[in-house]
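Fold and contact review
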Amino acid sequence: MLLLRPPTNPAGVPPDLRRPPVDLEVVVPAKDEEGRLPATLEAVRGLLAARPWSSAVVVVDNDSVDGTLDICRDRAGARVPVHVIGCSEHGKGAAVHRGLATSTARYTGFLDADNATPVRHLDTAMDLLAQGWSAVIGSRLAEGAPRPARQSVLRQGGSWLFHRTAHHLLPDIADSQCGFKFFDGALVRAVLPRCRIDGFSFDVELLALIARGGGRIAEIPVDWTDVPGSTFSARRDGLRSMADLLRISLSR
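The structure reproduced in this document is the subject of the present report. For clarity, every value in this text was computed on a predicted model and none was experimentally measured.

Side note on the overall build of the chain
Counting secondary structure elements, the chain contains eight helices and seven strands. Of the contacts made within the chain by residues no fewer than 6 positions apart, 81% connect residues no fewer than 24 positions apart. On the chain, roughly 11,800 Å² of surface is accessible, and the fraction owed to carbon and sulfur atoms is 54%.

This is the structure:
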């Protein structure tokens, strides 16, 4: 079983947002996810309950107006607690940032509310983090990953352009956009104050800062499913994501 490091309380975090230190905290950003979140929470908690790590799930509610909060509250307590915190600043990046920054866990990271990347890949991620890797990220393009189902032509074209542009910032990373990333907790909390992007490109900035600081990033092959219900818009969010990549590049 992993041994906890002494807990650290991130500076500037209100006491009501701090949670008990555990080996692993899984952050799930959520905005109006009452349809997809229940199955994901059951899958995540089921795996965590069967592992020797002390763990918790943190759902970061991004101003949901459906039953997302009720779903989370119904699953509080028990072997693997579900904590719920809010994030009024819109954007997946802002929600993930809030969850990671308020954690005191030895290891922390995030996965999507639709469980598009199955939680079972956590076993590999935790093994690598315990070996000293700074970050472990899921990849749909790494050798050994199944080929995902084809998306629309617009999504395919936007994805290709995004990956080509992001490659200049992260030349050693094949897939920076898979929603499955886990980190050494102390390291990621040290880097987060320098992050400025709150949209879908936030993880490119985070990984770039980790790499620039000498952190080691492991990319693991994962199987991924394009689950219906995504809030990502190729037209709206794609243009903003490209603009954010430019901002990240200019800040180097």
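Quick word on the sheet that holds strand S7 (residues 217-221)
Spatial ordering of the open sheet is given by S3-S2-S1-S4-S6-S5-S7, a layout of seven strands whose pairing is mixed. Looking at the sheet topology across the chains shown, the edges are occupied by strand S3 (82-86) and S7. Going across the sheet, the axis of each strand differs from the next one's by a mean of 20°, ignoring polarity. The sheet contacts of helix H3 (residues 92-101) involve strand S1 (24-30), strand S2 (55-61), S3, strand S4 (107-111) and strand S6 (180-184), and relative to S1 the element is tilted by about 155°. Running over the sheet, helix H7 (residues 202-212) touches S4, strand S5 (135-139), S6 and S7 and is turned about 35° from S6.

Side note on the side chain of Ser139
Structurally, Ser139 can be placed in strand S5. For Ser139, the side chain forms a polar contact with the main-chain nitrogen of Leu141, separated by 3.1 Å. Among residues more than four places away in sequence, those in contact with Ser139 are Ala145, Ala174, Asp175, Cys178, Glu219, Ile220, Pro221 and Val222.

Concerning empty space enclosed by the protein
Following the criterion strictly, the structure yields one cavity of 30 Å³ or more and no others. In this structure, the largest cavity encloses a volume near 60 Å³. Of all the secondary structure elements, the ones that give two or more residues to the lining of the largest cavity are H3 and H7. For the lining of the largest cavity, the element with the most residues is H3, which contributes four residues. Of the residues contributing to the lining of the largest cavity, the split by class is seven nonpolar, two polar and one charged.

Comments concerning the packing of aromatic side chains
In total, this model carries two aromatic pairs according to the counting rule given. Here the aromatic rings of Phe110 and Phe202 are separated by 5.5 Å at their centres, their planes lie at 45°, and the arrangement is tilted. Placement of Phe110 in strand S4 and of Phe202 in helix H7 is noted, with a sequence separation of 92 residues between them. For Phe110, a relative accessible area of 0% translates into the label buried. Under the relative-accessibility criterion, Phe202 is labelled buried at 5%. Directly above the ring of Trp224 sits Arg140, whose terminal nitrogen or CZ lies 4.9 Å from the centroid. Here the guanidinium or amino end of Arg216 rests over the ring plane of Trp133, the centre of that ring lying 4.2 Å away.

Here's the deal with helix H1 (residues 37-49)
With 13 residues, H1 should cover 18 Å at 1.5 Å per step; its first-to-last C-alpha distance of 18 Å lies within 8% of that length. Residues of H1 that are buried include every one of Leu37, Thr40, Leu41, Val44, Arg45, Leu47 and Leu48, and no others. Down the axis of H1, the buried side of the element spans an arc of 160°, and every buried residue falls inside it.

So, how was this worked out
- Numbering of residues starts from 1 in each chain and follows the order in which that chain's sequence is written.
- Per-residue local features of the predicted model are confined to residues with pLDDT of at least 70, and side-chain atom pairs are confined, for both listing and counting, to 80 or more; whole-chain, interface and lining totals are unaffected and use all residues.
- To obtain the side-chain values, all non-hydrogen atoms of the structure were included, while hydrogens and water were left out.
- Strands are runs of DSSP state E lasting at least 2 residues, helices are runs of H or I lasting at least 4, and numbering of each runs from the N terminus.
- It only takes one pair of heavy atoms within 4.5 Å for two residues to be counted as in contact.
- Using the Shrake-Rupley algorithm and a 1.4 Å probe, accessible areas are obtained, with residue cover drawn only from the displayed protein chains.
- Strand pairing requires that DSSP identify at least two bridges connecting the strands.
- To get an axis, a line is fitted to the C-alpha atoms, and for a helix only the part in contact is used. The angle between two axes follows their N-to-C directions and goes from 0 to 180 degrees.
- Polar contact criterion, stated in full: a pair of N or O atoms within 3.5 Å, where within protein one must be able to donate a hydrogen and the other to accept it, and residues adjacent in sequence count only if both atoms are side-chain atoms.
- Grid spacing is 1 Å over the protein atoms alone, the probe is 1.4 Å, and a cavity is where that probe fits but cannot get out, while a pocket is an open set with protein on both sides within 12 Å along at least five of seven lines and lining residues have an atom within 4 Å of a point.
- Grid points are joined across faces, edges and corners, and a volume is the space filled by probe spheres set on the points.
- Note on residue classes: Ala, Val, Leu, Ile, Met, Phe, Trp, Tyr, Cys and Pro are nonpolar, Asp, Glu, Lys and Arg are charged, and everything else, Gly too, is polar.
- Within 6.5 Å between ring centres, the rings of Phe, Tyr and Trp (the latter by its six-membered ring) count as paired, and their orientation is classed by plane angle as stacked under 30 degrees, edge-to-face over 60, tilted in between.
- Relative accessibility thresholds used throughout: buried, under 20% of the residue-type maximum; exposed, over 50%; partly exposed, between the two (1.4 Å probe, protein chains only).
- In our convention, an over-ring charge means Lys NZ or Arg CZ found within 6 Å of a ring centre and within 35 degrees of that ring's normal.
- To estimate how far a helix should extend, the number of its residues minus one is multiplied by 1.5 Å.
- The arc refers to the directions leading from the helix axis to the C-beta atoms.

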